[in-house]
Amino acid sequence: MPLRQTIRLGSYLLKQRLLRRDKFALLVELEPLFACNLKCAGCGKIAQPASLLKQRMPVEQAVAAIEESGAPMVSIAGGEPLMHPQIDEITRQLLDRKKIVFLCTNALLLPKHMQRFTPHRDFAWMVHIDGLRERHDASVAKEGGFDAAVAAIRQAKAAGFRVMTNTTFFSTDTPQDVVGVLDYLNDELGVDNMQISPAYAYEKAPDQEHWLGVDETRALFRKAFGDGRRKRWRLNHSPVFLDFLEGKRELDCTAWGIPSYSLLGWQRPCYLLDDGYAKTYRELVEETDWSAFGRGKDPRCANCMAHCGYEPTAVIATMGSLKESLRAAAG
């Protein structure tokens, strides 16, 4: 993260410690709609009823949820956010409230809607890229999807926007696949940061066969990160989380650190598991048994190493250690 944003996040964490809060939101996954223009193999958002797919969250509701949580960062997802007619207004209002905003998109609609947005130091596009051309197009079930996303990234960069990518890896991916796409994004396309995640068994996803287990995840990233590549790539993760992916250290799940808010409310306990919804953020935090989730606690969490549960743990561990903070800064 840019130094300015890192300082802001550090100040936020210090405030929570001084207030003696043991559970707080670092980032909110905001889903103002479930509708999408793709049918990706690893996502089941469009499995919602047709009546719900037609709904769009009002601007006031979206902003109020983020204000209630107090989180300094927001990841606007879906569905495809650019299908929301007021997504630019939601973004502007969050930026006006000094939130760090990432707008997640498959980029197919980005060239059409880019003029509705203005480059901002706290705003970034987060483009979904699930591998190089053949691999990505198969993942999103659309021929030409990769080329369209790459063209949109180049256009956004040329217009002065900060652009990040999000890549999910499945059991069909090899260490060479990981290296290939990250080398391309880092060196040839020149995106600002890259986010990676092992595929987790999302129960509504069309593809239920290619999720990564813990041992598979560790083996995949241990080999991909070899020969110093991990330090060379502009990865949007703390060194502690990357250590976790490689199996160099264990972390507990802190799903409360990245809560998910959608048209249905605050999802319990995270956006990958669906144990019902809370009407308010306070209800989510205070009435959810957070100790019941995580590897070794809930069978559904057995193979999960997703950033929504473990990156908050890594960030808190980093900010709470001078050694890890210096290590992250050096990286």
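First, a word on what this report is: a plain description of the structure on this page.

### A short note on the pattern of salt bridges
It is possible for side chains of opposite charge to pair when their charged atoms get near one another.
Part 1 of the argument: One pass over the structure, following the stated rule, counts 22 salt bridges.
Part 2 of the argument: Between Arg4 and Asp122 there is a salt bridge; the shortest N-O distance is 3.5 Å. With Arg4 in helix α1 (residues 3-18) and Asp122 in the loop between α5 (110-113) and β4 (123-128), the pair connects residues that are 118 residues apart, well separated along the chain.
Part 3 of the argument: Residue Asp122 is classed as buried on the basis of its relative accessible area of 4%.
Part 4 of the argument: Across the salt bridge formed by Asp147 and Arg133, the nearest N and O atoms sit 2.8 Å from each other. Taken as a pair, Asp147 in helix α7 (residues 145-158) and Arg133 in helix α6 (residues 133-140) lie far apart in primary sequence, 14 residues in all.
Part 5 of the argument: In this structure Asp147 comes out as partly exposed when scored by relative accessible area, which is 37%.

### Considering unusual backbone geometry
Part 1 of the argument: Residue Gly79 is reached from Gly78 by a cis peptide bond, and omega for that bond is 10 degrees.
Part 2 of the argument: Structurally, the position occupied by Gly79 is in the loop between β2 (73-76) and α4 (87-96).
Part 3 of the argument: A cis geometry characterises the amide bond from Arg268 onward to Pro269, with omega recorded as -15 degrees.
Part 4 of the argument: Structurally, the position occupied by Pro269 is in strand β8 (residues 265-270).
Part 5 of the argument: Despite not being glycine, Lys98 has its phi angle at roughly 65 degrees, a positive value.
Part 6 of the argument: Mapped onto the fold, Lys98 is located in the loop between α4 and β3 (100-105).
Part 7 of the argument: For Lys98, a relative accessible area of 61% puts it in the exposed group.
Part 8 of the argument: Within the chain, Ala107 stands out as a residue other than glycine whose phi angle is a positive 75 degrees.
Part 9 of the argument: By secondary structure assignment, the location of Ala107 is in the loop between β3 and α5.
Part 10 of the argument: A residue is classified by how much of its surface remains accessible, and Ala107, at 1% relative accessible area, is buried.

What counts and what doesn't
Residues numbered from 1 in each chain as written. Predicted model: local features only at pLDDT ≥ 70, side-chain atom pairs only at ≥ 80, totals over all residues. Heavy atoms only, no water. Salt bridge = Lys/Arg side-chain N within 4 Å of Asp/Glu carboxyl O. Helix = DSSP H or I, 4+ residues; strand = E, 2+ residues; numbered from the N terminus. Buried < 20%, exposed > 50% of the residue type's maximum accessible area, 1.4 Å probe, protein only.

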